[in-house]
Each structure stands twice: as C-alpha cells, then as structure tokens.
Amino acid sequence: MRTLLSSIEAEYRRCKLLAESAMEQLEDEDLRRTLGENSGNCVATIVGHVAGNLESRFTDFLTSDGEKAWRNRDSEFELRSEPRAELVQRWERGCARLLDCLASLSDADFARTVTIRGVPLAVHEALHRSLAHNSYHVGQIVLVARGLRGSDWRFLSIPPGASAEYNRNPDLEKGPRPVA
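The structure presented is a predicted model; accordingly, all values stated were derived computationally and were not measured.

### Quick look at the overall build of the protein
In step 1: A tally of regular secondary structure across the protein gives six helices and two strands.
In step 2: Ordering the α and β elements of the protein from the N terminus gives α-α-α-β-β-α-α-α.
In step 3: Taking the principal axes of its C-alpha atoms as reference, the protein extends roughly 50 × 45 × 25 Å.
In step 4: Burial analysis of the protein (180 residues in total) assigns 40% to the buried set.
In step 5: Considering only intrachain contacts with a sequence separation of at least 6, the fraction spanning at least 24 residues in the protein is 70%.
In step 6: Counting only carbon and sulfur atoms, one obtains 51% of the accessible surface of the protein, whose full area is about 10300 Å².
In step 7: Between the centroid of the 24 positive side chains of the protein and the centroid of its 27 negative side chains there is a distance of 3 Å.

In structure tokens, the structure reads:
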C-alpha cells in the first residue's frame, strides 16, 4: 500500500505544482477574472474551493465525516477580494492538511472506511475520489490562466511542436535519468 500512497501523493504534488505555476503567471487582478460572462469561476474562486475541500476532507480523515460542519462550501464560490498572499495562505493550509494526512497513513489504514457526507468509502476510494476532484479543478485553474495570458502563456508541460524533443529527454515527468 505504501507504493499506492506514494503514487497518490506524487500526483497531488504534481497537481499542486501545476496550479501554482499557472497562478504565478497571473497578475493579482487576473486571479479574480473569468474568461467571460457565463464562462465559469475565476482562479481565486477555484483555489479557495479546492483549499476548503482539502482542509475539510483531510482534517481527522479517518475519524470524522469529510464534510465538516464548520465548512461553508457555498461561500467558497463567492467572489472574494482577498490579497494574493491570503489566497496562497489558504491554498497552502489545505495542501499541508492533505500532505500531513497522507504522511500519517499506514498500510493498516487502507482496510478502514471513512465517510464523506455520510457515505462510507474505503480509504483508497476516498483518496482516489479526492485526487480526481483536485485534478479536475487544477485543470480549470490552468485553463483559465492560459486563457487570460493568451500568447504570453508559458507552457507547463510539453509546448506545441516540442513532443519529439521531449520524448528524447522526458525529465519533466520522470525526473532526471540515472547515469549509467
């Protein structure tokens, strides 16, 4: 199970890096802009929602329902005017709660059941569900940020036309290759 947990943690860290790299490309005011009327949420709203979700789900993960009474999910979708530093602080708090929880899990914990909104889930199911939710929203963050940056966007993965070059040296996702 440790291999599974390491894989899940690595994907969360990859998503965190993608979201942060997208946010770094935005000016402060762009964090609260959408791609247009009826186009969805702004980056700040999505970040606030993901942070709230992670903090709720992974506080007392094994012993209490993942939807905490103190969480006000609906308020996460209200546009806030908080400075970037506060938004980043919320983001980091949610991510830290997640990563601390993952670090505390043991192989035996995978035999346990947790609840989310009263629905029982095996630990691995809850982790995969959360990872999918997180990935979905990180994709939204990247999409909105890329749309706002336009031609000034710095690609976070393989840029168009660079697949062959990347395939010769795929360090981005696999890390440096061992020297033979």
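Still to come is the rest of the account.
### Thoughts on empty space enclosed by the protein
In step 1: One pass over the full model with this rule turns up two cavities of 30 Å³ or more.
In step 2: In this structure, the largest cavity occupies an estimated 60 Å³ of space.
In step 3: Lining the largest cavity, in full, are Arg32, Ala44, Thr45, Gly48, Glu76, Glu78, Leu79, Arg80, Glu82 and Arg90.
In step 4: In terms of residue count, the dominant contributor to the lining of the largest cavity is helix H2 (residues 43-58) (three residues).
In step 5: Counted as a void, the second largest cavity has a volume near 50 Å³.
In step 6: The wall of the second largest cavity is formed by Tyr12, Lys16, Leu54, Trp91, Cys95, Leu98, Leu99 and Asn134.
In step 7: For the lining of the second largest cavity, the secondary structure elements donating two or more residues are helix H1 (2-24) and helix H3 (84-104).

### Topic: the packing of H2 against H3
In step 1: Remark: H2 packs on H3, axes separated minimally by 8 Å, with the N-to-C direction vectors making an angle of 30°. Our classification of the angle between H2 and H3 gives roughly parallel. In this structure, the crossing between H2 and H3 has a hand that is left-handed. Taking contact as the criterion, the partners of Ala44, Val47, Gly48, Val50, Ala51, Leu54, Glu55 and Phe58 in H2 are, on H3, Leu87, Arg90, Trp91, Arg93, Gly94, Cys95, Arg97, Leu98 and Cys101.
In step 2: Residues belonging to the contact of H2 with H3 are distributed by class as follows: 11 nonpolar, two polar and four charged.

### Remarks on the state of the cysteines
In step 1: For the coordinates displayed, the defined rule picks out zero disulfides.
In step 2: In this structure Cys95 is not part of a disulfide, and its nearest cysteine sulfur, from Cys15, lies 9.9 Å away.
In step 3: The structure places no disulfide on Cys101, whose sulfur is separated from the nearest cysteine sulfur, that of Cys95, by 13 Å.
In step 4: Overall, the relative accessible area of 8% leaves Cys101 in the buried class.

Parameters and conventions
Residues numbered from 1 in each chain as written. Predicted model: local features only at pLDDT ≥ 70, side-chain atom pairs only at ≥ 80, totals over all residues. Heavy atoms only, no water. Helix = DSSP H or I, 4+ residues; strand = E, 2+ residues; numbered from the N terminus. Buried < 20%, exposed > 50% of the residue type's maximum accessible area, 1.4 Å probe, protein only. Contact = heavy atoms within 4.5 Å. Areas by Shrake-Rupley, 256 points an atom, 1.4 Å probe, with all protein chains shown as cover. Lys, Arg positive; Asp, Glu negative; His and termini not counted. Charge placed at Lys NZ, Arg CZ, Asp CG, Glu CD. 1 Å grid on protein atoms, 1.4 Å probe; cavity = no way out; pocket = protein on both sides within 12 Å on 5 of 7 lines; lining within 4 Å. Points joined across faces, edges and corners; volume = space filled by probe spheres on them. Axes fitted to C-alpha atoms, helices over the stretch in contact; angles between N-to-C directions. Parallel < 35°, antiparallel > 145°, perpendicular 65-115°, else oblique. Left-handed = near helix turned anticlockwise from the far one by under 90°. Nonpolar A, V, L, I, M, F, W, Y, C, P; charged D, E, K, R; others polar. Disulfide = S-S within 2.5 Å.

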